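# Residue-level structural notes
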Amino acid sequence: MNYDGFITAAEQLSQDTVDQLAAFYALDCEFTDPFQQVRGRDRVREVYLDMFHQLEKPRFTNVRLMGAPGLATREVMVGWTFEFSLGPNKPRQSIAGASLLVINTEGLIQSHHDYWDASRLMESLPLIGRIIRWLRQKIGRPSNS
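Let us look at the structure shown here. (Residues numbered from 1 in each chain as written. Predicted model: local features only at pLDDT ≥ 70, side-chain atom pairs only at ≥ 80, totals over all residues. Heavy atoms only, no water.)

## Quick notes on the environment of Pro91
Its place among the elements puts Pro91 in the loop between β4 (75-85) and β5 (93-103). Pro91 has contacts with Phe84 and Ser85, leaving out every residue within four places of it along the chain. (Helix = DSSP H or I, 4+ residues; strand = E, 2+ residues; numbered from the N terminus. Contact = heavy atoms within 4.5 Å.)

See below:
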């Protein structure tokens, strides 16, 4: 796997360059994040394209390998920061996360599993945001017992 190429494609991702990133995925790959699970390179491509339709100026920054993969390594963790806003006049948000990539024998991504705190995104939504903030305060408070 060309990890440097993957990192560059992720950091330079735009609606016009989705195919460059999708080329790193196997045709029958699996992609999972906190909101969805899809199979196939075309579906992964749709996930990335949909991101540009749903969010304002989404982008990945600080994409990096977490650890040094060897020649025989089939699993690698990639850390990243995802920046976006929910609309043109909404504040920018930033979410840190990591992706577990399983690489097949052809050097393509067979499985991509994202790990990130989806409640950070939900906090910014009008109705559910209040509930999430209340839960964070409730759960985060030290117990008196």
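Having seen it, we continue.
## What about the packing of aromatic side chains?
Evaluated as defined, the whole model comprises seven aromatic pairs. Ring centres of Tyr25 and Tyr48 lie 6.4 Å apart, and the angle between their planes is 55 degrees; this geometry places the pair in the tilted category. With a gap of 23 residues between them, Tyr25 in strand β1 (residues 25-33) and Tyr48 in helix α3 (residues 41-54) connect regions that are remote in the sequence. Just as Tyr25 is buried, Tyr48 falls in that class too. For the pair Phe60 and Phe82, a centre-to-centre distance of 4.9 Å together with 40 degrees between the ring planes defines the contact as tilted. Taken together, the residues Phe60 in strand β3 (residues 56-66) and Phe82 in strand β4 connect sequence positions 22 residues apart. (Phe/Tyr/Trp six-rings, centres within 6.5 Å; stacked < 30°, edge-to-face > 60°. Buried < 20%, exposed > 50% of the residue type's maximum accessible area, 1.4 Å probe, protein only.)

## So, the pairing of β1
Taking burial as the measure, the nine residues of β1 include seven buried ones, the bulk of the element. Sheet analysis places β1 next to strand β6 (residues 109-116), joined by four bridges and oriented parallel. Bridging from a neighbouring strand, Thr32 pairs with His113 of β6. With four bridges joining them, β1 and strand β2 (residues 36-39) adopt antiparallel strand pairing. Counterpart to Asp33 in the pairing with β2 is Gln36. (Pairing = 2+ DSSP bridges.)

## Things to note about the pattern of salt bridges
Applying the stated criterion across every chain, the model contains four salt bridges. A salt bridge links Arg43 to Glu46; its shortest N-O distance comes to 3.4 Å. Note that Arg43 and Glu46 are positioned in helix α3 at a spacing of three residues, about one turn of the helix. We classify Arg43 as partly exposed; its relative accessible area is 41%. By relative accessible area, Glu46 is classed as partly exposed at 45%. (Salt bridge = Lys/Arg side-chain N within 4 Å of Asp/Glu carboxyl O.)

## Concerning unusual backbone geometry
For Lys57, which is not a glycine, the phi torsion comes out positive at approximately 50 degrees. Mapped onto the elements of the fold, Lys57 is located in strand β3. Although it is not a glycine, Asn62 sits at a positive phi angle of roughly 50 degrees. Along the chain, the position of Asn62 falls in strand β3.

Nothing here speaks to function; it is all geometry.
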